[in-house]
Amino acid sequence: DLERQIARERDSRQAAEAELRRRHADLAQVADAAREAERRLQMALWASGEGIWEWDVAGDRVTVDSVSAEGQLRRVGPRRMADMMEMVHPSDRESLRLVMGLYLRQASPDIDTAYRTLLKGQTHWHRLRGRALQRGADGRPLRVIGTLKDVTAQRAAEQSLHMMAQAFSSTHDALVVIDAADAIVQANERFAALLERPLDDLEGRSLSSLLQLDAPLSMRGAARGEVDLMGSGNTMRHIEYVVTPVSSDGDSATTQCSIVTLHDVSERRRAQDALQRQAYIDGLTGLSNRASVMRLLDARCSNLGAARFALLSLDLAGVKATTD
C-alpha cells in the first residue's frame, strides 16, 4: 500500500510538472506572440509615420505612443486632456474642443480633424483620427483610441500645389505641361487661345507636332527658341517658347515632365522689322539707303576671298520733285 501511494504521488508530481511545463511553454509562446505583435505594430507605425493615442474619458487621461526615426517606441503621457490642449495652437484650440465635445455627445460617428501644435517654437500640422473602443450603457464613449500623424510636409505640399494651380490658371502666359513622351498633360486657357484650339482637344496631343517642330521639346532639356505659326486669316504669328524640365527627386537625369511657357511675340517682331526697315530702307523710294549700302560694302570688303566687284554710283537729280 505504501509503495502504491508513493507511486501515485510520484505520478501526480510528474503530471503536475508536465502540466506546469506545458503552461510555461504556452505562456512563453503567448509572450513571444505579444512581442512579435508589438514589433509588427512598431514597424507599421514607423512605416506610416503615425502614432497611437488613447483617451480614458472617465479618468481624463490621454496617452500617445509613437515611433522614432530609429524605430524606438516613445510614449507621451498619461496627461489630462486640458494639458494636451495646451500644446495645440491657440487659434485651433476652440475648434478641437468643439470636435471632441460633439463626439462625446455622439453627434459625430468618429473623430477626424486637423490642427496645429507649437513644438519648440515651430508650428506643426497634425491629423487626429479616433473611435470609441468602449462605451457606457448610455452609448457615450468611455475609451477612445485612434491614430495621430504629423502632416506638416503634406500640408505644405498641398498648399504649394494649390498655389501653383492658381498661378497656372490665372497667369497671362500660355503654359503647358508635357510628359517625357512630349504629350500634353495639362494646359491653360491662354495656351488654348494661342493655338486657337479647344482646351479639351489638347490633352494627349504632341506639343512638338502642334508647333510643327522637327524634334520633341521633351528631349531638349532646358531650352528656348522661336517658331512661326500660321494663324487664322493666314496671318503669320511668331511664338517664343521656354522649356523648363521638372523632376520628382531633383535629379535632372530623371526628368518626369517639362513646363513650357509660350509668348506671342508677333508685335515685337513686327516692331523690330519696322525699325530694321527704317534703318536700311529709304522711305521715299523703298530702296536700300546709304546705311544699307555701307553695311554691304563692309561685309564684302572684309571677305578677302570674295570675287572682285565694282561699285556704280548714280546721282539722280530732282527725284523728290518727280515723286511729288
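Residues numbered from 1 in each chain as written. Predicted model: local features only at pLDDT ≥ 70, side-chain atom pairs only at ≥ 80, totals over all residues. Heavy atoms only, no water.

Trainee: Provide a residue-level description of the overall build of the chain, including the pertinent values.
Mentor: Within the chain, the regular secondary structure consists of nine helices and 11 strands. A total of 324 residues make up the chain; the buried ones form 25% of that total. In the chain, once contacts between residues fewer than 6 apart in sequence are set aside, the share between residues at least 24 apart is 37%. Of the accessible surface of the chain, which amounts to about 22500 Å², a share of 53% is contributed by carbon and sulfur atoms. (Helix = DSSP H or I, 4+ residues; strand = E, 2+ residues; numbered from the N terminus. Buried < 20%, exposed > 50% of the residue type's maximum accessible area, 1.4 Å probe, protein only. Contact = heavy atoms within 4.5 Å. Areas by Shrake-Rupley, 256 points an atom, 1.4 Å probe, with all protein chains shown as cover.)

Trainee: Provide a residue-level description of the layout of surface pockets, including the pertinent values.
Mentor: Taken as a whole, the second largest pocket encloses approximately 630 Å³ of empty space. In terms of lining, the second largest pocket is formed by 18 residues, of which the most central are Ser288, Asn289, Val293, Leu312 and Leu314. Sort the elements by how many residues they give to the lining of the second largest pocket and helix H8 (residues 290-302) lands first, with six residues. Considering only residue class, the lining of the second largest pocket consists of 12 nonpolar, four polar and two charged. (1 Å grid on protein atoms, 1.4 Å probe; cavity = no way out; pocket = protein on both sides within 12 Å on 5 of 7 lines; lining within 4 Å. Points joined across faces, edges and corners; volume = space filled by probe spheres on them. Nonpolar A, V, L, I, M, F, W, Y, C, P; charged D, E, K, R; others polar.)

Trainee: Kindly report on the packing of aromatic side chains, identifying the contributing residues and their values.
Mentor: According to the stated counting rule, one finds zero aromatic pairs in the structure shown. In this arrangement the basic side chain of Arg155 is found over the ring face of Trp125, its NZ or CZ atom lying 3.7 Å from the centre. (Phe/Tyr/Trp six-rings, centres within 6.5 Å; stacked < 30°, edge-to-face > 60°. Lys NZ or Arg CZ within 6 Å of the ring centre and 35° of its normal.)

Trainee: So what's going on with the pattern of salt bridges? Residues and values would help.
Mentor: In this structure the tally under the stated criterion is 11 salt bridges. For Arg143, the salt bridge is made with Glu54, and the minimal N-O distance between the two is 2.4 Å. Taken together, the residues span a long stretch of sequence, with Arg143 in strand E6 (residues 141-150) and Glu54 in strand E1 (residues 50-56) at a distance of 89 residues. Taking the relative accessible area as the measure of exposure, Arg143 reaches 32% and is therefore partly exposed. Its salt-bridge partner being Arg80, residue Asp83 comes within 3.2 Å of it at the nearest N-O pair. Salt bridges sharing partners connect three or more residues here, namely Asp112, Arg127 and Arg129. (Salt bridge = Lys/Arg side-chain N within 4 Å of Asp/Glu carboxyl O.)

Trainee: Give me the nonpolar core: which residues, what numbers.
Mentor: Core analysis: the biggest nonpolar cluster contains 22 residues, and Val176, Ile184, Phe191, Leu207, Leu217, Val260 and Leu262 have the highest contact counts within it. The set of elements that each furnish at least two residues to this core consists of strand E7 (174-179), strand E8 (184-187), helix H5 (189-195), helix H6 (207-210), strand E9 (223-230), strand E10 (236-247) and strand E11 (255-264). Here this core gets four residues from one element, more than from any other, and that element is H5. Formed by 18 residues, the second largest nonpolar core is a distinct cluster that contains Trp55, Met84, Tyr103 and Leu128. (Core = buried A, V, L, I, M, F, W, Y, C linked by side-chain atoms within 4.5 Å.)

Trainee: Residues and numbers for a nonpolar patch on the surface, please.
Mentor: Taken together, Leu312, Leu314 and Leu316 make up a surface patch of nonpolar side chains, about 400 Å² in accessible area. One can find Leu316 in the loop between H8 and helix H9 (319-323). The exposed category is assigned to Leu316, whose relative accessible area is 61%. (Patch = residues over 30% accessible without salt bridge, like charges linked within 9 Å, V, L, I, M, F, W, Y side chains within 5 Å.)

Trainee: Can you lay out the side chain of Thr63 for me, pointing to particular residues and giving the numbers?
Mentor: Following the sequence through the fold, Thr63 ends up in strand E2 (residues 61-67). Note on Thr63: relative accessible area 17%, which makes it buried. Look past the residues within four positions of Thr63 in its chain and what remains in contact with it is Ile52, Trp53, Glu54, Arg75, Val76 and Pro78.

Trainee: Which residues make up the confidence of the model for the chain, and what values do they have?
Mentor: The predicted model of the chain has a mean per-residue pLDDT of 81, with 88% of residues at 70 or higher. Taken element by element, the predicted model of the chain shows its lowest mean pLDDT in H9 (61) and its highest in helix H3 (residues 90-104) (92). (pLDDT = per-residue confidence, 0-100.)

Trainee: Outline the packing of helix H7 (residues 266-280) against H8, supporting the account with residue identities and numerical values.
Mentor: Closest axis-to-axis distance for the H7/H8 pair is 6 Å, and the angle between their directions is 85°. In terms of their interaxial angle, H7 and H8 are classed as roughly perpendicular. Across the interface between the two elements, Gln276, Ala279 and Tyr280 of H7 pack against Ala291, Ser292 and Arg295 of H8. Its residues placed into classes, the contact of H7 with H8 shows three nonpolar, two polar and one charged. (Axes fitted to C-alpha atoms, helices over the stretch in contact; angles between N-to-C directions. Parallel < 35°, antiparallel > 145°, perpendicular 65-115°, else oblique.)

Trainee: Run through the environment of Leu210, naming residues and quoting values.
Mentor: In this structure, Leu210 sits in helix H6. Residues Leu210 and Leu229, 19 residues apart in the sequence, show an inter-C-alpha distance of 9.3 Å. For Leu210, the contacting residues outside a window of four places in its chain are Ile184, Leu195, Arg197, Leu202, Arg205 and Leu229.

Trainee: Account for unusual backbone geometry, with residues named and values stated.
Mentor: One non-glycine residue, Asp182, lies in positive phi territory at about 75°. Exposure remark for Asp182: the relative accessible area of 2% places this residue in the buried category.

Trainee: Quick rundown of the environment of Arg269? Include the residues and the values.
Mentor: Counting through the fold element by element, Arg269 comes out in helix H7. On the basis of relative accessible area, Arg269 is assigned to the partly exposed category, the value being 22%. Along the sequence, Arg269 and Ile239 sit 30 residues apart, while their C-alpha atoms lie 9.9 Å from each other. Apart from residues lying up to four places away in sequence, Arg269 is in contact with Glu226, Asp228 and His238.

Trainee: With reference to specific residues and values, describe the pairing of E1.
Mentor: Residue alternation in E1 divides its side chains into a buried set, Gly51, Trp53 and Trp55, and an unburied set, Glu50, Ile52, Glu54 and Asp56. Pairing of E1 with E6, which is carried by seven bridges, proceeds in the antiparallel orientation. Residue pairing for E6: Glu50 is matched across the bridge by Lys149. (Pairing = 2+ DSSP bridges.)

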